[in-house]
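Survey of secondary and tertiary structure
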Amino acid sequence: PQCARVRAYSTKPETNEFEITGWKRYAAMAAPILVSLVCGPLAMYKLWTEQEQEKGKKREFKSTTGMQLGGPFTLVDFNGRAVTRAEFAGKWSLLYFGFTNCPEVCPKQLQKMNDVVEEIDYEYGKGTLVPVFITIDPQRDSCADIKAFVQQYSPKIIGLCGTPEQTHAAAERWRVYYNVPDYSKKDDYLIDHSVVSYLMQ
């Protein structure tokens, strides 16, 4: 009957299909906007973080490279002649702090120093690089001790010493660490110290 057909059609309105299709269309249009709203700030935050990290690295590098190292000193060579930092101005010099009673480290470093100086002299001419040894043990290392010690490795090495105050001032300017035990307890002692060679001009 016609009434039955009307009731059948009325249970499924045609507007539902249109509404569903329209909702899908709007969802498809809104999806890129939602993605940009969520991912955009995340991407910007990541970029900002990377930039800040890069700035931090540059600041750290700048502070490291800008560190003050070296400075004037007044010492005495193994011939008893007064020597200042100005005497080495304009010259390439290789500087090392140690002590003559050092059993192993300092001898190795002076041997390395000699090898480097010989190689540089051979390549660029004699006297291109001046090797310098400064004692951090002025209480025991006399001028004669220093001369005998350095000339075991090379007659080119200039040995320097000074008073405890002069030694401390020179080491402090070059940021050299050393720890001398109490002299009053014993004379046979070792000194803990940094092992660094400095190239200066």
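Relevant structure appears above.
All values derive from a computational prediction rather than experimental measurement. (Residues numbered from 1 in each chain as written. Predicted model: local features only at pLDDT ≥ 70, side-chain atom pairs only at ≥ 80, totals over all residues. Heavy atoms only, no water.)

This model, assessed by the stated rule, comprises 6 aromatic pairs. On the numbers, 6.4 Å between centres and 85 degrees between planes, the contact of Phe97 with Tyr198 is edge-to-face. One end of the pair, Phe97, is in strand S3 (residues 92-98); the other, Tyr198, is in strand S8 (residues 197-200), and 101 residues separate them in sequence. Overall, Phe97 belongs to the buried group, its relative accessible area being 2%. Given a relative accessible area of 9%, Tyr198 falls into the buried group. In this structure an aromatic cluster arises from ring pairing among Tyr96, Phe133, Phe149 and Tyr153. Residue placement shows Arg140 over the ring face of Tyr189; its charged tip is 3.6 Å from the ring centre. (Phe/Tyr/Trp six-rings, centres within 6.5 Å; stacked < 30°, edge-to-face > 60°. Helix = DSSP H or I, 4+ residues; strand = E, 2+ residues; numbered from the N terminus. Buried < 20%, exposed > 50% of the residue type's maximum accessible area, 1.4 Å probe, protein only. Lys NZ or Arg CZ within 6 Å of the ring centre and 35° of its normal.)

Further remarks concern the nonpolar core. Grouped together as the largest cluster of nonpolar side chains are 36 residues, with contacts concentrated most on Leu95, Phe97, Leu110, Phe133, Val150 and Trp174. The set of elements that each furnish at least two residues to this core consists of S3, helix H3 (105-124), strand S4 (129-135), helix H4 (143-150), strand S5 (158-161), helix H5 (164-173) and S8. For this core, the leading source of residues is S4, giving 5 residues. Setting aside residues no more than four positions away along its own chain, Phe133 makes contact with Tyr96, Gly98, Phe99, Thr100, Leu110, Ile146, Phe149, Val150, Ile157, Ile158, Gly159 and Leu160. (Core = buried A, V, L, I, M, F, W, Y, C linked by side-chain atoms within 4.5 Å. Contact = heavy atoms within 4.5 Å.)

We now examine the pattern of salt bridges. Between side chains of opposite charge, pairing is possible as soon as their charged atoms come close. This model, assessed by the stated rule, comprises 6 salt bridges. A salt bridge links Glu104 to Lys108, with the shortest nitrogen-to-oxygen separation between them at 3.1 Å. Residue classification places Glu104 among the partly exposed positions, given a relative accessible area of 48%. For Lys108, a relative accessible area of 46% gives the class partly exposed. (Salt bridge = Lys/Arg side-chain N within 4 Å of Asp/Glu carboxyl O.)

The next thing to look at is H4. Of the residues making up H4, those classed as buried are Ile146, Phe149 and Val150. The buried side chains of H4 occupy one side of the element, clustering within an arc of 85 degrees when seen end-on. Elements in contact with the buried residues of H4: H3, S4 and S5. (Arc of directions from axis to C-beta.)

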